[in-house]
Amino acid sequence: MRALFAAFRALLTRARFEREMREELTQHVQRRADDLVAAGLSRPDAHRQARIEFGAVEAYKEACRDASGFAPLRVLHGFGADLKLALRRLVATPVFTLFAILSLAVGLGVTTAAYSVVANLFFAPSGTADEDRVVVLVTRWEGNLVSGGISRPDYEDVRAAQTSFSSVTASAGLDVSVATPTTTELMHAEAVDGNYFDTLGSRPVVGRAIDPQDVAGRHDVVVLSHALWSLRFGADTSIVGQRVDVAGRPFEVAGVAAEGFYGREDRLTATRVWIPLTADPRKRSSALTERDRQRLVVIGRLAEGRTIEAASAELAALGAGLDAAYPRAKAVGPVQRDWAARQFNHSDSDDILRSFGLAFVALVALVLVVACTNLANLVLARGTSRRQELAVRRAIGASRWRLVREQCAESLLLAVAGSAAAWLVFSGLRAALDIDVPLTSKMLISFRPELDFGVVAVAGGAMLLSLVVFGLEPALRLTRNRQLRPDLASAAGAAGIPQGKRQRRLVRWQVAICTSFFILATLSEKYILAEARHDSGVELDHIALATMNFWAQQWDDERAARALGRVLEELEKDPQVQSAAVATGVPFGASNAPRFTIATTDRPITERGAAHYALGVAATPRIFQTLGVPILRGRGFDDRDAAGARPVVVLGAQTARRLFGTIEAVGREIQVKPSGSDGLRRRTVARKLALQAPSAPVPADAEVQIATVVGVAGDTDIGQLFSRRGDLVYLPLAQQPTTVSFGIAIVRTAGSPYVAVRVVRDAIRRVDPELAVESSGTGLGALGGPTVFLRTSSLMAMVLGALTLLLTMVGLYGVQSHEVAERTREFGVRMSFGATAQQIRALVLKDGYRPVLQGLAIGLFLGFLGRGLVRAFWWDGMSVADLWMVVAVPLPLLLAAFCACYFPASRASRVDPNAALRHL
Amino acid sequence: MHPDSTGILPGTLDLLILKAVSLGQRHGYGVLLRVQQMTQGALQVEQGALYPALYRLERQGLLDAEWGTSENNRKAKFYRLTPAGRKRLREQTDGWNRMVGIMGTALNTRAGEV
């Protein structure tokens, strides 16, 4: 800092010195001229004479600078002139300048934006202090490590007996409704023990954390997450002490957790509120003893000097002891307390996210590599094209420093312009990427690119390095000695083997990277192609919906049904709503719809092979219009289908076929029985990312109902978008046989679905401020789910691929043009010996294509390797290589390469042999 | 041509400048006129050569300079002797005189005197 200040002061002093010196010398000449005029000379003559007598003024100025100790700054003296010259040279070659700046802008802007998105999503610190020392108690069960499932007495016994931890705490996850000033939402919460925040080492930013007195005294206090506080409470610091309704009960705000602290879950299911363990608002089922009520996750901080292995061993011993003392007869989860300790915050979904993020970072780094090599290529080509100029200037006395300095000035200008362009690109991307991508109905991925200075330093450093190293290299190499090297100075020298070898090698790797990008982008090709021509059966474009989880809020059936009815009334009053319906589920997207077993009446429903599992959508009559599902035969629901009336159902077309074959289904009877939960379990990236939503319990005494099929509806996707596997049955909401645990309000609007989302939310709030919205969104946003995520990632791979393609081709074009210019004389010689224009063109094209073809081969290999890795780690259902990829992916590359090579080649074929040979 | 090659004995110009300034504060052109007067025009240097010498002496702390207004109301940089400059002038004048004496004696020596 002090050095900087001194340099700055020196600069100021120097400016003053220059000004005064100029003034003094001018005064001298003027005084002398005055005297000469007095002596009889005319004014012009006097001035001329005075200047002659004074001598070489610039040389004396330089001597004065020396004498005054400003000599060291002479190194920089004239740098302004260098800059001017460099600017002029850059303007004179607009193509080079444009491409170089483009490379810089992409390399810096895109990579920093992409990286900061990923870092923000996957690598942000969890807010837990010394995370390495925090472990979570897990149970080995069916080959997995399961966290949670510890009962309160077990937890207390472990806490009392253990010696491995300096502190042990517990937390129970739950979804509760939280009434914020604008909406009531269902949020993920943790009911925690008093030492939870201390154990995790997180300090609240406002107010206090939950402390042992809160737990002991059963105080209804709540700690808000930083995100919730800033998004819903306007980051109001006077929030402490205010009342917030949690699960319909008034809680006092104790404090706000630190920014970025998301509790014990992964960052997608970030905890939004914390309450004391004893203030858990959920009702307890009296059927279970305390030992059997297993709902705690136990977290401990390792004591000084203890390892995780030692802690594991101790926990295993404690578990075995508890098994002996309180054997579990039957449990929902593991029966044995086969305990161990696992690193905190290493859940499967976090690991997957992290590996996904790392893969993305690797791809981004590849783009940076391409941008760097591209820049290197451009400046290298430019440097070599100046060989002759440099050699001659060096020979006639330009100092090495002078020549290198010129090159530095040029690099500096490019770097400045490139950074400015990169900033524009980054700002554009930041505006464009400021979006939320829904993963499931409850989870969002928020892209919020933040400028990360570390990344800017790495990317900027890499770009600058390639700029300076490759820019200076030719200048340094050429100016190593002063003698005029004959191969450089003579015209014939340049006709030898050109310098392009290294540049072609760079092009080869660029093509390779680019190809592998495209191969990777084909990962979700099925989804993209399918989406383009897929009809989900539901017109998603103009619908908005909001879901409510009555089960999580512990509302009874009657209250839930009443609320749903009133929500519908409210919605139908709104002029923007074309049609509205409330239901217990939708055919796909929202995973909480109840499931039913259905069968024809000729065989018992319990018989194997007779029963079909179907998703049951219990809804109000206008569900079909609202979703845009056509009634193919028969009728939809209407007012006749009331609670006491004859039970009716509408079947999906596929389900009707399955049950009745070619026989008309309308008018026939089927057996309907509520059944268990989700039968659609597939191992996909999407499913791994999505955490399972709790499914509603099914009453054990559910009865088989005989219902008449009154209509057949058009087929829709079932379970999730793009999936037709499974059956679907619609029931009138009034006749719904199971508990209403889950509600969904859907509206169809002629206007913007985004506005309609607000309409739905407002209606729900008007009906009952305690009724929490679990999730809400537009049709595609809320129901598209993982597809949107897949589409986004694949789109990103495509964009990155296209960017690298563009960069690579720009580089290739630059190299080829440069080569053609270099080899003009060679072509002249060849043509004078009878080579035709076609032959010359073919020669240049061949030279240009060789690195592209090599790169393609490498890239295809790398791409398929990448797909193999993806298959191995994330997605076992996909194929590693399809024939069409080998054909389709290289095509755009070859085309682009042709464009990049053709123009230089045709320029080469137009070389006039006479003109070329004249300089030989 | 190097600006320092004034065609006179090395160090002489500095001494002359110090002497000229010691006779009263002067601006650059004034110093030049004074030197020319003192040497009766015998010493012909390029006028510009004066300035590097002035700047050097200023930097060595022998001269002090400040901006003022000249007799015809022009801004000018005036030089005057610092105590160090005065001391240096005295020493150099003594040295010069001694040297002239020694050299004079030496060069006037005849064959029989040694």
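Anything mentioned here points back to the structure above.
## What to know about the overall build of chain B
Then step 1. Assigned secondary structure in chain B consists of four helices and three strands.
Then step 2. A buried classification covers 40% of the 114 residues belonging to chain B.
Then step 3. Long-range contacts, defined as pairs at least 24 residues apart, comprise 49% of the intrachain contacts of chain B with a sequence gap of at least 6.

## Topic: the overall build of chain A
Then step 1. When helices and strands are tallied, chain A shows 30 helices and 25 strands.
Then step 2. For chain A, the proportion of its 920 residues judged to be buried stands at 52%.

## As for helix α2 (residues 43-54) of chain A
In an α-helix, one turn spans 3.6 residues, which is why side chains three or four residues apart end up on the same side.
All names here are of chain A.
Then step 1. Look at α2: 16 Å from first C-alpha to last across twelve residues, which is about the 16 Å you get at 1.5 Å a residue.
Then step 2. Taken residue by residue, α2 has Ala46, Ala50, Glu53 and Phe54 as its buried positions. Summarising the axial view, the buried residues of α2 lie within an arc of 100°, below the 170-degree limit, and thus occupy one face. Across α2 from its buried face, at more than 90 degrees, point the exposed residues Pro44 and Arg48.
Then step 3. Downstream of α2 by one or two residues, Gly55 has phi in the positive range, about 95°.

## A short note on the pairing of strand β15 (residues 543-549) of chain A
Along any regular strand the residues' side chains alternate between the sheet's two faces.
Residues and elements named next belong to chain A.
Then step 1. Counting buried positions along β15 yields seven of seven residues, so the element is predominantly enclosed.
Then step 2. The alternating pattern of β15 places Ile543, Leu545, Thr547 and Asn549 on one face and Ala544, Ala546 and Met548 on the opposite face, and all of these are buried.
Then step 3. Judged from the seven bridges that link them, β15 and strand β24 (residues 742-749) form a sheet pairing that is antiparallel. From the neighbouring strand, Met548 faces β24, where its bridge partner is Gly743.
Then step 4. Judged from the four bridges that link them, β15 and strand β25 (residues 775-778) form a sheet pairing that is antiparallel.

## Points about the interface of chain B and chain A
Then step 1. Every contact between the two is made by 23 residues of chain B and, on the other side, 25 residues of chain A.
Then step 2. Approximately 2,200 Å² of surface area, both sides summed, lies buried where chain B meets chain A, with 53% of it carried by carbon and sulfur atoms.
Then step 3. Ionic pairing is found between B:Lys77 and A:Glu24, a salt bridge with its closest N-O pair at 3.6 Å.
Then step 4. Across the contact surface, chain B and chain A share ten residue pairs in polar contact (both at pLDDT 80 or more).
Then step 5. Of all the elements in the fold, those that place two or more residues in the side of chain B that touches chain A are α2 (28-38), α3 (50-59) and β3 (75-81) of chain B.
Then step 6. No other element matches the five residues that α3(B) contributes to the side of chain B that touches chain A.
Then step 7. In terms of residue class, the side of chain B that touches chain A is made up of twelve nonpolar, five polar and six charged.

## Quick look at a nonpolar patch on the surface
All names here are of chain A.
Then step 1. Together, Trp509, Phe861, Leu862 and Leu865 give the surface a local cluster of nonpolar side chains, amounting to about 410 Å² of exposed area.
Then step 2. Here the nonpolar patch takes three residues from helix α27 (residues 837-873), the largest share from any one element.
Then step 3. Inspection of the secondary structure assignment puts Trp509 in helix α16 (residues 501-521).

## Observations regarding the pattern of salt bridges
Residues and elements named next belong to chain A.
Then step 1. If you walk through the whole model with that rule in mind, you get 39 salt bridges over all chains.
Then step 2. Arg140 serves as the salt-bridge partner of Asp338, at 3.2 Å between the closest nitrogen and oxygen. Linking Asp338 in the loop between α10 (308-325) and β12 (339-343) with Arg140 in strand β1 (residues 134-141), this pair joins segments that are 198 residues apart in sequence.
Then step 3. For Asp338, a relative accessible area of 32% gives the class partly exposed.
Then step 4. Residue Arg140 is classed as partly exposed on the basis of its relative accessible area of 42%.

## Quick word on the side chain of B:Thr82
All names here are of chain B.
Then step 1. Among the structural elements, Thr82 can be located in the loop between β3 and α4 (83-108).
Then step 2. Given the relative accessible area of 12%, Thr82 is considered buried.
Then step 3. Beyond its immediate chain neighbours, meaning those up to four positions away, Thr82 contacts Gly61, Leu62, Leu63 and Asp64.

## Thoughts on the nonpolar core
Residue and element names in this part refer to chain A.
Then step 1. Counting 61 residues, the largest nonpolar core has Phe197, Leu224 and Trp274 as its most contacted members.
Then step 2. The greatest single-element share of this core, amounting to seven residues, is contributed by strand β4 (residues 165-179).
Then step 3. In contact with Phe197, other than residues within four places in its own chain, are Ser202, Ala209, Ile210, Val223, Ala257, Phe261 and Trp274.
Then step 4. Within the second largest apolar cluster, 45 residues are counted, among which are Leu733, Val757, Ala763 and Ile764.

## Notes on the sheet that holds strand β1 (residues 26-27) of chain B
The pairing of strands in a sheet comes from backbone hydrogen bonds and takes either a parallel or an antiparallel form.
Then step 1. The sheet built from three strands is open, its strands ordered β1-β3-β2 (chain B) with antiparallel pairing. The strands lining the two open edges of the sheet, one partner per strand, are β1 and β2 (63-69) of chain B.

## Observations concerning the packing of helix α4 (residues 79-92) of chain A against helix α13 (residues 400-432) of chain A
Residue and element names in this part refer to chain A.
Then step 1. Across the interface, α4 lies against α13 with an axial gap of 8 Å and an inter-helix angle of 65°. For the element pair α4 and α13, the recorded crossing hand is right-handed. Along its contact with α4, which presents Phe79, Asp82, Leu83, Leu85, Ala86, Leu87, Arg89 and Leu90, the element α13 presents Arg402, Arg405, Glu406, Ala409, Glu410, Leu412, Leu413 and Leu414.
Then step 2. Here the contact of α4 with α13 is composed, by residue class, of ten nonpolar, no polar and six charged.

## Description of unusual backbone geometry
Residue and element names in this part refer to chain A.
Then step 1. The phi torsion at Arg218 lies on the positive side, around 50°, for a residue other than glycine.
Then step 2. Relative to the assigned elements, Arg218 resides in the loop between α8 (212-216) and β7 (221-224).
Then step 3. Taking the relative accessible area as the measure of exposure, Arg218 reaches 57% and is therefore exposed.
Then step 4. Non-glycine residue Ala247 carries a positive phi angle of around 55°.
Then step 5. By secondary structure assignment, the location of Ala247 is in the loop between β8 (243-246) and β9 (249-256).

## A few points about the packing of aromatic side chains
Residue and element names in this part refer to chain A.
Then step 1. One pass over the structure, following the stated rule, counts 14 aromatic pairs over all chains.
Then step 2. Plain terms: the ring middles of Phe197 and Trp274 are 5.6 Å apart, the flat faces sit at 65° to each other, and that makes the pair edge-to-face. Within this pair, whereas Phe197 is found in helix α7 (residues 196-200), its partner Trp274 is found in strand β10 (residues 273-276), the two being separated by 77 residues in sequence.
Then step 3. With 5.8 Å between their ring centres and 35° between their planes, Phe550 and Trp555 make a pair best called tilted. Residue Phe550 shares its accessibility class with Trp555, and that shared class is buried.
Then step 4. Cluster of aromatic residues (ring-pair linked, three or more members): Tyr196, Phe197, Phe261 and Trp274.

## Considerations on the packing of helix α1 (residues 12-22) of chain B against α4(B)
Residue and element names in this part refer to chain B.
Then step 1. At a closest axis distance of 10 Å, the pairing of α1 and α4 adopts a crossing angle of 125°. Between α1 and α4, the crossing angle belongs to the class labelled oblique. The hand of the α1/α4 crossing is left-handed. Counted together, Thr12, Leu15, Leu18, Lys19 and Ser22 of α1 and Gly85, Arg88, Leu89, Gln92, Thr93 and Trp96 of α4 form the full contact between these two elements.
Then step 2. Residues that form the contact of α1 with α4 fall into these classes: four nonpolar, five polar and two charged.

## A few points about the environment of A:Leu322
Then step 1. Locating A:Leu322 in the fold gives a position in helix α10.
Then step 2. Classification of A:Leu322 by relative accessible area gives buried; the value is 8%.

Thresholds applied
Residues numbered from 1 in each chain as written. Chains lettered and ligands numbered in written order. Predicted model: local features only at pLDDT ≥ 70, side-chain atom pairs only at ≥ 80, totals over all residues. Heavy atoms only, no water. Helix = DSSP H or I, 4+ residues; strand = E, 2+ residues; numbered from the N terminus. Buried < 20%, exposed > 50% of the residue type's maximum accessible area, 1.4 Å probe, protein only. Contact = heavy atoms within 4.5 Å. Expected span 1.5 Å × (residues − 1). Arc of directions from axis to C-beta. Pairing = 2+ DSSP bridges. Buried area = accessible area lost by both parts, 1.4 Å probe. Salt bridge = Lys/Arg side-chain N within 4 Å of Asp/Glu carboxyl O. Polar contact = N/O pair within 3.5 Å; in protein donor to acceptor, adjacent residues only side chain to side chain. Nonpolar A, V, L, I, M, F, W, Y, C, P; charged D, E, K, R; others polar. Patch = residues over 30% accessible without salt bridge, like charges linked within 9 Å, V, L, I, M, F, W, Y side chains within 5 Å. Areas by Shrake-Rupley, 256 points an atom, 1.4 Å probe, with all protein chains shown as cover. Core = buried A, V, L, I, M, F, W, Y, C linked by side-chain atoms within 4.5 Å. Axes fitted to C-alpha atoms, helices over the stretch in contact; angles between N-to-C directions. Left-handed = near helix turned anticlockwise from the far one by under 90°. Phe/Tyr/Trp six-rings, centres within 6.5 Å; stacked < 30°, edge-to-face > 60°. Parallel < 35°, antiparallel > 145°, perpendicular 65-115°, else oblique.

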